[in-house]
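Spelled out, the chains give:
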Amino acid sequence: MADKPDVKATLNLPRTAFAMKASLAQKEPEAVKTWEAGRLYEKILEKRAAARRTPFILHDGPPYANGHLHMGTALNKVLKDFIVKSRSMLGYYAPYIPGWDCHGLPIEIHVDRQLGGKKKDMPVMAVREACREYAEKFIDIQRNEFKRLGVLGAWETPYLTMHPAYEAKVLEYLAAFFEHGEVYKGKRPVHWCIHDRTALAEAEIEYKDKMSPSIYVRFPVLSDLGAKFPVLRGRRAYVVIWTTTPWTLPANMAIAFHPESEYAAAEIEGDVYIMAKRLLPVVAEELGWPAPKVLATFPGRELEGFKARHPFIDRESLFVLADYVTLEDGTGAVHTAPGHGHDDYLTGIAYGLDIYTPVDDDGRFTPDVPGYAGLQVFEANARITADMKRDGTLLKESAIAHSYPHCWRCKNPVIFRATEQWFISMDKDGLRAKAREAIDRVCWIPEWGKDRIDGMVAGRPDWCISRQRSWGVPIPAFKCQACGTPLADAGICRHVAAIFATEGSNAWFLRDAASLVPPGASCAACGGKDFEKEYNILDVWFESGSSQNVLERDLGHSWPSDVYIEGHDQHRGWFQSSLLIGVGAKGGSPFRTCITHGFILDEQGRAMSKSMGNTIDPGEVIKRSGAEIVRLWAAMLNYKEDARFGPEIEQRLVEAYRKIRNTWRFLLGNVSDFAPDRDTVDEAGLLDLDRWILHRFEEVRARVIKSYADYEFHPIIHDILDFFTVDLSAFYLDVVKDRAYCSAADAPARRSAQTAMFTILRDSLLLMAPILSFTADEAWAHVPDFEGKDPSVHLDEFPAASDWLKSAPAGFVADMERLLGVREKVLKELEKARESKLIGNSLEARVTLRAPAADAAFLEARRSDLSALFIVSQVEIEPGAGPELAVEISQAPGAKCERCWNYSTHVGTSPDRPTFCARCEEAVKAPRP
Ligand SMILES: [Zn+2]
Ligand SMILES: [Zn+2]
Ligand SMILES: [Zn+2]
């Protein structure tokens, strides 16, 4: 269009101050400041409260307050922000109180390292103070990083698990478990990190491959087998076991057999060896036994009650039965150390065996173990093996790589070790059954989450809730000074909770026992009145799982929440502990819907890890491309699966972002002189094409809103991008350009196009605001004012459709599709004409439609739209010869209008405007509004 400046000035060219270049890295921090200074989050809530909107509560799973954000925490927070903002725009009162998990081992370990040797001599309060400072430092860092991502929330009043009010609620929840008789103290094997000297929860364990010894050991049978199996009378017999933990042999108390499996007594070099019959050939080959001769076979249950002698300790080992014995590997005769294994423990309890654990907190053998006392268990493996080799009890030694539990923090292999701990029983008061019922009622997204967590709850052991560390909420338990009987119950929990509510959990360390026990407390066993404090803290998962107290405290009785959303590892962690506490203390699940998202992989699909060197720092992405790119990424991936990120993906996101931004910019440019309250064209006055694009957009609007309601974000971006690319850029905006630029500013045809463009602009900004929060708000400021326009896009709600838009009349859609079919044909012919150099620009063309009678009438009725639709200068409709519409392209007669570049025979005929076409001549005469 017009080249000359004075002619150009007569066109309505797009005008907007909304920059093409996004400069996100510079602009976003400014936006964050503006939102904060303008109390945007509070204002949104005030507006919804004033409209008496139904509350919608997403309860934040607290990230751990150490370290900077990584892509996983960024994804999690951004998904939460999508949910909160979209619910708000769906018309809910949707507060978001972020929280932090402040206590626990990771921070204590960091502080240990910082303090080094000093820590040993420091009072516990000083260590706790150092831990608090460390947590506070990272809360500040993470808070700023989350804000920088554009996440809105109560950032200045978050919940912290180390707040006194929070700590008090944790103990109140614990009191409920005491009340139901579910809390007990017991000696039971738990995962134990010898490096960190503490028990670990299931959720604190990582499985990694580890090399272990693989040994076959024989136990000489003490009992006279001949009494039951005459063929074995007077024979020297052994049972062969296989183990990968030689260090647990000193704690061997039994050998377990499967009651129903068939066992064989086989003769090898004159002696008798007992093992599972099916495994005999495998073991024989492994041990290099030549042709074992089977003397007798019998089911495992026949062996119950016999005894063997321990291979190197003067002790008996009882033959017991257990259903968990498998014939997958080993010998079918299972070495059983009740102090060092969960199954072993249950068997030990069933047979009344000692839960013997001769290993101390550091993983060293106690003086109880002759020959190995003081030796660390993993180091002891080689010694024990060598000793057994020397005395002939070791039949074979090799090494095996297998999946082995490791500490989530220090990454060292852990051991199973029975210690005195506090437990919550899963079954005494039906906690397990009630939790499974609650799981059944929750909506799990994706659906497989339900079976996963149900399986975990069904199979989990009792909850070990005590830890031997300092940085946490102490378990309010005492011991009678006179007789050592423990004193702990619901009343004491509540009494201490009241103290914590004002003084915080430091009170446990600052006050003496007498000032912590309720007045008049006495020992149940001896009536003693003097107590000493125990120094166990609660499992941090109990603490973070208690975060539902925020729903009661800060959100006015909004328990249960509407939704929890975290990574899928939390089925084992926070979801489960929250659920168990909800069921135990409040009678049900604290969430109605539970959503899980995947982990972050690199572009090759490998897990991101520091050791692989393939981690991506979201801070770097933000600096380079903007937080908006991280948000767009979070929206475009299917979060239910693991998500990839890398430089190529980032580049694609930047391109998708540009597409969206430029479309908004184009629309903004074209409505700069459009005053919505004055210029909007009503349904009856809209041109068909404008009405059609609004109908197309209405389908998108309805789908997007449904996607938000269903927590589906990637279809939203695809819908919007598709509409912007295919419907707008490649078609509609191209076709209406001529009308928008060249008509008189106030021409009804132009206002009609502007009505469509304005509606699409305003509504697409609203629809995208939860995702592209920065850009939508930036563009919103450039949208022409209209009655009721909110100062920020985030204050508004999603657009509702005008009734007439909800369904297009059937004939209208069919007609438009027929017309677009004709356009397709014409575009093909235009392309051919360009290739043969008949024309250059499509405006140089005249299109002649040779139409059969039925088409002719249809096209004739729409004649005025056709040249714009084809973007040509002239269209002729002539009767066709055949049954099909034929398209003919020729050079348009006349000359090129200087203003609009259409060809017209009018050019050169007007004395006033000899270089203009008739339409342009009219247009420049019209007064500008
Ligand atoms: Zn550890
Ligand atoms: Zn006592
Ligand atoms: Zn013109």
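Each chain has its residues counted from 1, running along the sequence as written. Here the convention is simple: chains get letters from A, ligands get numbers from 1, in the order in which they are written. The model is predicted, so local features are restricted to residues of pLDDT at least 70 and side-chain atom pairs to those at 80 or more, both for listing and for counting; the totals for chains, interfaces and linings are taken over all residues. Calculation of side-chain values draws on the structure's entire complement of heavy atoms; hydrogens and water are dropped beforehand.

Overview of the coordination of the zinc ion (ligand 1)
Point 1. Sites may look incomplete because water is not among the atoms; the donors themselves are N, O and S atoms within 2.8 Å of the metal, or within 3.2 Å for Na, K and Ca. Note on the zinc ion (ligand 1): its protein donors are Cys 193 (SG), Asp 196 (OD), Cys 407 (SG) and Cys 410 (SG). The metal-donor distances range over 2.0 to 2.3 Å.
Point 2. Its 4 donor atoms give the zinc ion (ligand 1) angles of 101 to 119° at the centre, a pattern that matches the tetrahedral case. Only four donors with every angle between 85 and 135 degrees are called tetrahedral; only four or six donors with opposite donors over 155 degrees apart and all others between 65 and 115 are called square planar or octahedral, in that order; all others are irregular.

Comments concerning the sheet that holds strand β10 (residues 293-299)
Point 1. Reading across from one edge, β10-β8-β9-β6-β5-β14 is the order of the 6 strands in this open sheet, with mixed pairing throughout. For this open sheet the edge positions go to β10 and β14 (394-407), each flanked by a neighbour on one side alone. For this sheet the average axis-to-axis angle between neighbouring strands, irrespective of direction, equals 25°.
Point 2. Alignment of strand β8 (residues 262-268) against β10, held across 6 bridges, turns out to be antiparallel. What sits directly across from Ala 264, in β10, is Thr 297.
Point 3. Should any heavy atoms of two residues lie within 4.5 Å, those residues are considered in contact. The convention used is that axes are lines fitted to C-alpha atoms, helices contributing only their stretch in contact, and that angles between N-to-C directions extend from 0 to 180 degrees. Where helices and strands are cited, they refer to DSSP runs of H or I of at least four residues and of E of at least two residues respectively, numbered from the N terminus. Helix α10 (residues 377-390) rests against β5 (205-220) and β14 of the sheet, and its axis sits at about 165° to β14. A pair of strands is considered paired only if DSSP assigns at least 2 bridges between the two.

Things to note about the packing of aromatic side chains
Point 1. Stacked, tilted and edge-to-face pairs are distinguished by plane angle, under 30 degrees for stacked and over 60 for edge-to-face with tilted covering the rest, among Phe, Tyr and Trp rings (Trp via its six-membered ring) whose centres lie within 6.5 Å. Under the criterion given, the structure shown has 39 aromatic pairs.
Point 2. Of the aromatic side chains, those joined through ring pairs into one cluster are Phe 82, Tyr 639, Tyr 708, Phe 713 and Phe 798.
Point 3. Above the ring of Tyr 639, the side-chain terminus of Lys 640 is found at 6.0 Å from the ring centroid.
Point 4. Across from the ring centre of Phe 858, 4.0 Å away, lies the NZ or CZ of Arg 818, which sits over that ring. A ring is considered to have a charge above it if a Lys NZ or an Arg CZ atom is located within 6 Å of its centre and within 35 degrees of its normal.

Let's talk about helix α27 (residues 810-835)
Point 1. What a helix should span is 1.5 Å times the count of its residues minus one. Taking 1.5 Å of rise per residue, the 26 residues of α27 would be expected to cover 38 Å, and the 38 Å separating its terminal C-alpha atoms lies within 8% of that figure.
Point 2. Among the residues of α27, those classed as buried are Phe 812, Met 816, Leu 819, Leu 820, Val 822, Arg 823, Val 826, Leu 830 and Ala 833.
Point 3. Among the structural elements, α22 (688-709), α23 (714-742), β27 (845-851), α28 (853-861), α29 (863-870) and β29 (886-891) are those in contact with the buried residues of α27.
Point 4. A positive backbone phi angle near 65° is found at Lys 837, which sits one or two residues after α27. Three labels apply to residues, based on accessible area from a 1.4 Å probe with only protein chains included: buried if under 20% of the type maximum, exposed if over 50%, partly exposed otherwise in between.

Remarks on the pattern of salt bridges
Point 1. For this analysis, a salt bridge means a side-chain nitrogen from Lys or Arg found within 4 Å of a carboxyl oxygen belonging to Asp or Glu. Under the counting rule described, the total for this entry stands at 72 salt bridges.
Point 2. Ionic pairing is found between Lys 33 and Glu 30, a salt bridge with its closest N-O pair at 3.9 Å. Taken together, the residues span about one helical turn, with Lys 33 and Glu 30 both in helix α2 (residues 24-37) at a distance of 3 residues.
Point 3. You can call Lys 33 exposed: its relative accessible area is 53%.
Point 4. In this structure, Glu 206 engages Lys 411 in a salt bridge whose closest nitrogen and oxygen atoms are separated by 3.0 Å. Linking Glu 206 in strand β5 with Lys 411 in the loop between β14 and β15 (415-424), this pair joins segments that are 205 residues apart in sequence.
Point 5. Classification of Lys 411 by relative accessible area gives partly exposed; the value is 39%.
Point 6. Each of Asp 673, Arg 678, Asp 679, Asp 746, Arg 750 and Arg 751 takes part in salt bridges that share partners, so that together they form one network.

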